[in-house]
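# Residue-level structural notes
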Amino acid sequence: MNVSSGLVPSNGTAAAGAAAGPAAPSRPPVVDACSLVYDDAAWRVYLNRLGENAPEYLDVFSASFCRYFDAPHSAYRDALAVCWQDAVDVLLPPGRPPFDLAAHLADRRQQGVTAEFAMGSAERLPDGRTVNEWLLETVRDVRDRIHVWAGISLRDPAAALRELERSLAAGATGLCVIPFLDGTDPADPRFAPVWDAAASARLPVWLHTGHHFARSHPSGLGSWRTVEALAGRHRELLLVAGHAGWPDVRETLLTAARHPGVYLEFSSHRPRHMPKPGSGWEPLLHHARGPARDRVLFGTSTWVNPGPTGSLADELTALGLPDDVVTAWLAGNAGALVARSAGAHRAERSGGRHR
């Protein structure tokens, strides 16, 4: 893995053949620690998975989905009232332009994004490949810019372990797990072999934590308590608490303070709302110069707040935090996380030991 080229400022082009575009604004570089890089077939798999396991998301985030896919909101709402599959068809009608990797990278460069952690899935595409396989193949030549974090499902522990091993062999540099879609508790001892394998390979795991809208599953699936349990049992495991465990941000941050392998990532939430009383983000800002300084990552979730990534980064810079904190949260901590993983791999290959 080329850690330096994608996770620090670069004056190079986004990728071979990508349009140069205007230069990024003069803010610190940005690493998007929760990104979705899909073509329409992969998006359909993603949306179908929500529809089958947490259809509430297609309702609650209807406006966000329509803005992201440039779809008519009224037609989407009408279709959703009949059948969620029809609503997905509104978002992804025939004839949409195909996914253009070079254009995607050029846009990332324009927004000041030097790298992103792209979340995959073990779900199957119509051609038989998993989304993980498609993503790894698609970004093969730009993995310094797009780091693939393979998605695994915990419904079948043995299958999850096989997918981890396959994805690692194919070049994945992290994992992502969404407990409310699986309806499983990641801290269940049945999954210990999966976490042991991730810890041994030094694969960071992005874990959806905090509030979710799936009414068919309890809210405790994927909480700071889950992170605490996993970090305590698997001391070498690198864990990223997706969405920072909101609204239990304080507890998630205290968990990170206890365990050096735990990070918080605040995608889906807008920085401009964080200072508002009652937002739930007060502990993060209060401890920005202390325990949160080196443990917080910037992320977008891509479609939740559709719009320029640079604008979200600008909201963070406008909070009045110290420059070193802003730089660390936007990219520095993500770089340090990747370096920890890459450094462990190098130590293993050389016969050394890592902590």
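By convention here, each chain's residues receive numbers from 1 onward along its written sequence. For a predicted model such as this one, the threshold for reporting local features is a pLDDT of at least 70, and the threshold for listing and counting side-chain atom pairs is 80 or more; totals across whole chains, interfaces and linings nevertheless cover every residue. Values shown for side chains rest on all heavy atoms present in the structure; no hydrogens or waters enter the calculation.

### Let's talk about the overall build of the protein chain
Put simply, the rule reads: The way it works is that DSSP assigns letters per residue, a run of H or I at least four long becomes a helix, a run of E at least two long becomes a strand, and they are numbered from the N terminus. When a residue's accessible area, from a 1.4 Å probe over protein chains only, is under 20% of the maximum for its type it is buried; when over 50% it is exposed; and in between it is partly exposed. Whether two residues are in contact is decided by their heavy atoms, any of which lying within 4.5 Å being enough. For every accessible area listed, the method is Shrake-Rupley and the probe measures 1.4 Å; residues are considered covered only by the protein chains on display.
A count of helical and extended segments in the protein chain gives 16 helices and eight strands. Burial statistics for the protein chain: of 355 residues in total, 54% are counted as buried. Across the protein chain, every contact between residues at least 6 apart in sequence was considered, and the portion connecting residues at least 24 apart equals 76%. Taken as a whole, the protein chain presents about 14,900 Å² of accessible surface, with 52% of it coming from carbon and sulfur.

### Remarks on the pattern of salt bridges
Once their charged atoms are close, side chains differing in charge can pair, the charge on each being opposite to the other. Selection criterion: Take a side-chain nitrogen of Lys or Arg and a carboxyl oxygen of Asp or Glu: if they are within 4 Å of each other, that pair is a salt bridge.
Tallying each qualifying case throughout the model produces 19 salt bridges. When the shortest N-O distance is used, the salt bridge between R77 and D59 registers 2.7 Å. Taken as a pair, R77 in helix 5 (residues 73-82) and D59 in helix 3 (residues 56-60) lie far apart in primary sequence, 18 residues in all. For D59, a relative accessible area of 36% puts it in the partly exposed group. Because the salt bridges share partners, they merge into one network encompassing R49, E123 and D182.

### A word on the pairing of strand 1 (residues 30-35)
Under the convention used in this document: Here a strand pair is declared whenever DSSP counts at least two bridges between the two strands.
Summarising burial for strand 1: six of the six residues are buried, a large majority. Taken together, the four bridges between strand 1 and strand 2 (residues 113-119) define a ladder with parallel strand orientation. Within strand 2, the position partnered with V31 by the bridge is A115.

### Focus on the confidence of the model for the protein chain
Applied cut-off: pLDDT expresses how confident the predictor is about each individual residue, on a scale running from 0 to 100.
Chain-level pLDDT for the protein chain is 91 on average; 89% of the residues reach the 70-or-more range. The model gives residues 1-5 a pLDDT under 50, and that stretch makes 10 contacts with residues more than four places away or in other chains. Here residues 8-24 scores under 50 on pLDDT; set against residues more than four positions off or in separate chains, the count is 26 contacts.

### Focus: the pairing of strand 2
Burial runs high along strand 2: seven of the seven residues are buried. Here strand 2 pairs with strand 3 (residues 146-151) via four bridges, running parallel. Across the sheet, residue M119 finds its bridge partner in strand 3, namely W149.

### Observations regarding helix 5
Here is the rule: It is the directions from the helix axis to the C-beta atoms whose arc is reported.
Of the residues making up helix 5, those classed as buried are Y76, A79 and L80. Along the axis of helix 5, the buried residues cluster in a sector spanning 100°; they form a single face. Helix 5 presents S74, D78, A81 and V82 as exposed residues on the side facing more than 90 degrees away from its buried surface. Packed against the buried residues of helix 5 are helix 3, helix 4 (62-69) and helix 6 (84-91).

### As for the packing of helix 12 (residues 224-233) against helix 13 (residues 249-258)
Rules: Between N-to-C directions, angles span 0 to 180 degrees; the directions come from axes that are lines fitted to C-alpha atoms, helices contributing only their stretch in contact. Note that the term roughly parallel is reserved for angles under 35 degrees, roughly antiparallel for angles over 145, roughly perpendicular for angles of 65 to 115, and oblique for everything else. Each residue is assigned to one of three groups, with Ala, Val, Leu, Ile, Met, Phe, Trp, Tyr, Cys and Pro labelled nonpolar, Asp, Glu, Lys and Arg labelled charged, and all others, Gly among them, labelled polar.
At a closest axis distance of 9 Å, the pairing of helix 12 and helix 13 adopts a crossing angle of 10°. It follows from the interaxial angle that helix 12 and helix 13 lie roughly parallel. Along the contact surface, helix 12 presents W224, V227 and E228, while helix 13 presents E251, T252, T255 and R258. For the contact of helix 12 with helix 13, the per-class residue count stands at two nonpolar, two polar and three charged.

### Some points on the packing of helix 2 (residues 40-53) against helix 6
Note the cut-off: Definitions for this section: a left-handed crossing has its near helix turned counterclockwise from the far helix by less than a right angle. A right-handed crossing has that turn clockwise.
Across the interface, helix 2 lies against helix 6 with an axial gap of 10 Å and an inter-helix angle of 155°. With respect to their mutual orientation, helix 2 and helix 6 come out roughly antiparallel. Seen along the crossing, helix 2 lies across helix 6 with a hand that is right-handed. Here R44, L47, N48, G51 and E52 of helix 2 come into contact with helix 6, specifically with W84, V88, D89 and L91.

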